[in-house]
Amino acid sequence: MTQDELKHAVAVSAIDYVIGGEIIGVGTGSTANFFIDELGKIKHLIKGAVASSEATAARLKSHGIEVLDLNQVTSIPVYVDGADEITPQGAMIKGGGGALTREKIIASAAKRFICIADESKLVNTLGAYPLPVEVIPMAHAVVARKLATFGGQPKLRLKDGQPFVTDNGNFILDISGMKIVNPAEIEQTINNITGVVTVGLFAQQGASVCLLGTAKGTRMLDFTP
């Protein structure tokens, strides 16, 4: 199976976690896009969705799914999103698409986080994928110098030769070369740096379940305590 076929397979599997008559949180990225397309087929069964990015909101609306502001809702039973890396313990690196802050906010508001990913995303130690950190623009150079002390190489994310700007109007530093053996501790430490909006580590509150696409079918990893 191709990587896209694996992504599509887990997106189909994730539909089983959608709770009828409720609002669902939806992430950003290629795997989440497959889920949105499947969600469009059962849109009549849900109240609407909360989107983690403008791109996700646009795709949801293209399927006729009502998009709600997080401040409008009081309960999100399930949040579905992909991951750039995930460990067997459920800690993740996210933010390759630049939506890490909104993703983390919605994930924190949801009762369960269903991660959908192909098997290439499962790793024993996080860090082979560059770790995104969303930063206030005026502080990006200062923050980069502080992040360099963690042993990686922070680099300002660019798009068309200019700094990539998030939906929140901020910049992203991508840290390559880190070996993250204690993700929850690193998450807290980086989040405490002045000028950091959030880091793309989802370890203090990781996934509840991961649906992993493999050549032999969808494999479920359950991280429920």
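What counts as what
- Residues numbered from 1 in each chain as written.
- Predicted model: local features only at pLDDT ≥ 70, side-chain atom pairs only at ≥ 80, totals over all residues.
- Heavy atoms only, no water.
- Helix = DSSP H or I, 4+ residues; strand = E, 2+ residues; numbered from the N terminus.
- Rg over C-alpha atoms; globule rule 2.2 N^0.38 Å.
- Buried < 20%, exposed > 50% of the residue type's maximum accessible area, 1.4 Å probe, protein only.
- Contact = heavy atoms within 4.5 Å.
- Axes fitted to C-alpha atoms, helices over the stretch in contact; angles between N-to-C directions.
- Parallel < 35°, antiparallel > 145°, perpendicular 65-115°, else oblique.
- Left-handed = near helix turned anticlockwise from the far one by under 90°.
- Polar contact = N/O pair within 3.5 Å; in protein donor to acceptor, adjacent residues only side chain to side chain.

A few words now on the overall build of the protein. For the protein, the helix and strand inventory stands at six helices and 15 strands. Relative to the globule expectation of 17 Å for 225 residues, the C-alpha radius of gyration of the protein, 17 Å, shows essentially globular dimensions. Reported as C-alpha extents along the three principal axes, the dimensions of the protein are approximately 50 × 35 × 35 Å. The proportion of buried residues among the 225 residues of the protein is 51%. If you take every contact in the protein between residues at least 6 apart in sequence, the share linking residues at least 24 apart comes to 72%.

Where helix α1 (residues 3–14) contacts helix α2 (residues 30–39), the axes come no closer than 8 Å and their chain directions differ by 50°. By the angle class used here, α1 and α2 are oblique. Crossing of α1 against α2: the hand is right-handed. Contact with α1, carried on its side by D4, K7, H8, V10, A11, V12 and A14, involves S30, T31, F34, F35 and E38 of α2 and no other residues of that element.

This paragraph deals with the side chain of E134. Mapped onto the secondary structure, E134 falls in strand β7 (residues 131–135). A polar contact of 2.6 Å, which involves the side chain of E134, links it to the side chain of T101. Each residue touching E134, except ones within four places of it in the same chain, is listed here: L100, T101, T166, N168, N170, F171, I172, G195, V196, V197 and T198.

Before going further, it helps to examine the environment of N191. By the secondary structure assignment, N191 is in helix α6 (residues 183–191). Classification of N191 by relative accessible area gives partly exposed; the value is 26%. The spatial distance from the C-alpha of N191 to the C-alpha of G95 is 15 Å, given a sequence separation of 96 residues. Excluding its chain neighbours within four sequence positions, the residues that come into contact with N191 are K104, V196, T198 and V199. For N191, the side chain forms a polar contact with the main-chain nitrogen of V199, separated by 3.1 Å.

Function-wise, these values are silent; they only describe arrangement.
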